[in-house]
Amino acid sequence: MGRGTGDIPIVEVLDGVHGWLLGAKGLVRVDLTTGEVHEGLFPDHAPSPEVDLDRVNTGFSTADPTGPPVVADTPVGRLALAAFPIKIPDRGTSPGGIGVELVAADSSTGQKTQSTLIPLPGSQAPGAWPRFEYVGVIGVHGATAVVTAHTSEYAFTAAVDLASRRVLWTAPDRAGQMIVGDTVIVAASDRSAGRWDTRGLSIADGRQRWVSTSTGTAHRVGRDMLLLDGSSTSVVLNATTGQPAPAVPLHGARRGWSCFHDQRTVTVCQRGGGRSVEILLGLDDSGTELWRIVNQTGGRRVPPAVSAVWHGAIYGYTRDGVPVVLDARTGADRTPAASIAPFLVNEYFGIAAVGSPMERMSGASGQAVAAPATS
């Protein structure tokens, strides 16, 4: 029941036999068994006209204005969630503004179920509004979804209760990165001092649990840790306490790491990317090293570039662009020459970009193929 090469758009998250993406056509659901692209869902307010929602989401930067949809099981059902940058129109003599609107769709029907508006602060310049740079859903815990926004003037994070459809708390000058357990990881700016730090907030009420002077891109490691890939070194912290976890091999290592959790018990971390992966590590949920592959002169193995990790399998490309599958628990080659290297995987499908090996490795391709998952 797989689809032919390049006949579906690049979806950003899998949901059973469906995929979801967010773009100028709204929050769009794709049936991966038939290739049918459903009509998109939109916020109640008009999306900000200054933001091009079709720009490709490849990371956390100003070139990527919206984060991918998030699919989660919640007390009010399984939902697909997306954050839109929106313009709030003037109402009579009351001035409008900008905001983020959280749109939710029922996973089983694909229909819009709710929409929550989160107004954002205005500009310090009279008569102007900050420019959007990024908005996204960073995660869901229970009935609480957390969204973040970056503008030309500030960062902003807020939590929404999906049951009551109201904003629970807001955190100005906080850039949300991820949720680990019931802790929201944010980068916090001190405007007067011109510096950033990392903080852990309670998802229940937004109260600060800890602060660390370490900064960097956050990645989940194991059960309850996070890696901050900083400007020079990498630091591993306990997400609940903020205390360093120096026993983890990544702690204090040179920067350039990215990590992938297999949604079971293994985290795979690589330093470098593309044809220049220096090292690949497998860690268990406690952060203990299971195995490593190092790119070194005379070495017997060369680490692949990881595209996805899921349920005990590592998918990626060799230096020659050949798809390969490794065992996440042991690091051993499972399929030395696979048919595809998917960037999304679930129990039904693997989604891989089409095009030349370099286009597939860089994500430059605009179309994808859905292949049936194999055990």
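Model, not experiment: these values are computed from the prediction. (Residues numbered from 1 in each chain as written. Predicted model: local features only at pLDDT ≥ 70, side-chain atom pairs only at ≥ 80, totals over all residues. Heavy atoms only, no water.)

(A) Region of the structure containing the pattern of salt bridges. By the definition in use, this model includes 11 salt bridges. Among the salt bridges present, the one from Asp 15 reaches Arg 78, with a minimum N-O distance of 2.9 Å. With Asp 15 in strand S2 (residues 13-15) and Arg 78 in strand S6 (residues 77-88), this pair connects stretches of sequence that are 63 residues apart. Here Arg 301 makes a salt bridge to Asp 333, at a shortest N to O gap of 2.8 Å. On the criterion of sequence distance, the pair formed by Arg 301 in the loop between strand S23 (289-294) and strand S24 (305-310) and Asp 333 in strand S27 (residues 333-335) is long-range, its members being 32 residues apart. (Salt bridge = Lys/Arg side-chain N within 4 Å of Asp/Glu carboxyl O. Helix = DSSP H or I, 4+ residues; strand = E, 2+ residues; numbered from the N terminus.)

(B) Layout of the sheet that holds strand S3 (residues 18-23). Pairing in this open sheet of 3 strands is antiparallel, and the strands run S2-S3-S4 from one edge to the other. The open sheet is flanked by S2 and strand S4 (26-31), the only strands paired with a single partner. Taken over all neighbouring pairs, the strand axes of this sheet differ in orientation by 30 degrees on average, direction set aside. Bridge analysis of S2 against S3 gives 3 bridges, and the strand direction is antiparallel. Residue pairing in the sheet places Asp 15 in a bridge with His 18 of S3. (Pairing = 2+ DSSP bridges. Axes fitted to C-alpha atoms, helices over the stretch in contact; angles between N-to-C directions.)

(C) Quick look at the environment of Gly 23. Within the secondary structure, Gly 23 is located in strand S3. Excluding anything up to four places from it in sequence, Gly 23 contacts Leu 53 and Asp 54. (Contact = heavy atoms within 4.5 Å.)

(D) Structural detail: the side chain of Asp 284. When you line up the elements, Asp 284 lands in strand S22 (residues 279-284). No salt bridge is formed by the buried Asp 284; its nearest oppositely charged neighbour, Arg 329, is found at 5.0 Å. In contact with Asp 284, not counting residues within four places along its chain, are Gly 222, Thr 265, Leu 290 and Arg 329. (Buried < 20%, exposed > 50% of the residue type's maximum accessible area, 1.4 Å probe, protein only. Lys, Arg positive; Asp, Glu negative; His and termini not counted.)

(E) Local environment of the side chain of Arg 271. Inspection of the secondary structure puts Arg 271 in strand S21 (residues 266-271). Not counting chain neighbours up to four residues away, the residues in contact with Arg 271 comprise Ala 253, Arg 254, Arg 255, Gly 256, Trp 257, Ser 276, Val 277, Glu 278 and Ile 279.

(F) Highlighting the state of the cysteines. A complete count under the given rule lists 1 disulfide for this structure. Here Cys 259 is linked by a disulfide to Cys 269, with a sulfur-sulfur distance of 2.2 Å. Its S-S torsion of approximately 110 degrees makes the covalent link between Cys 259 and Cys 269 right-handed. With a gap of 10 residues between them, Cys 259 in strand S20 (residues 257-261) and Cys 269 in strand S21 connect regions that are remote in the sequence. (Disulfide = S-S within 2.5 Å.)

(G) Here's a closer look at the environment of Ile 86. Relative to the helices and strands, Ile 86 resides in strand S6. Distance from Ile 86 to Ala 218, taken between C-alpha atoms, is 27 Å for residues 132 residues apart in sequence. With near-sequence residues (within four places) excluded, Ile 86 lies in contact with Pro 43, His 45, Ala 46, Pro 47, Ser 48, Gly 97, Ile 98, Gly 99, Val 100, Glu 101, Leu 117 and Phe 132.

(H) Here's a closer look at the sheet that holds strand S25 (residues 313-317). Reading across the sheet, the 4 strands line up as S24-S25-S26-S27 and stay open at both edges, with antiparallel pairing between neighbours. Where the open sheet ends on each side, the last strands, each with one partner, are S24 and S27. Direction aside, the axes of adjacent strands within the sheet are offset by 35 degrees on average. With 2 bridges connecting them, strand S26 (residues 323-327) and S27 associate as antiparallel partners. Looking across to S27, one finds that Val 325 is bridged to Thr 335.

(I) Expanded view of the confidence of the model for the protein chain. In this model, the protein chain carries an average pLDDT of 90, and 90% of its residues clear a pLDDT of 70 or more. With pLDDT under 50 throughout, residues 57-62 is counted as low confidence; its partners more than four residues away or in other chains account for 16 contacts. (pLDDT = per-residue confidence, 0-100.)

(J) Representation of the nonpolar core within the structure. Of all hydrophobic cores here, the largest spans 36 residues; its most connected members are Trp 20, Leu 27, Leu 81, Phe 84, Leu 102, Leu 120 and Val 147. Among the elements that make up this core, the one with the highest residue count is S6 (8 residues). Every residue in contact with Phe 84, bar those within four places of it in the chain, is listed here: Leu 22, Gly 26, Leu 27, Leu 41, Phe 42, Pro 43, Leu 53, Gly 99, Val 100, Glu 101, Val 103 and Val 135. (Core = buried A, V, L, I, M, F, W, Y, C linked by side-chain atoms within 4.5 Å.)

(K) Region of the structure containing unusual backbone geometry. If you check the backbone angles, Asp 173 has positive phi at about 60 degrees while not being a glycine. One can find Asp 173 in the loop between strand S12 (166-172) and strand S13 (174-180). Note on Asp 173: relative accessible area 18%, which makes it buried. For Gln 263, which is not a glycine, the phi torsion comes out positive at approximately 65 degrees. For Gln 263, the position within the fold is in the loop between S20 and S21.

(L) Seen up close, the environment of Gly 92. Its place among the elements puts Gly 92 in the loop between S6 and strand S7 (97-106). Placed 206 residues apart in sequence, Gly 92 and Gly 298 show a C-alpha to C-alpha distance of 73 Å.

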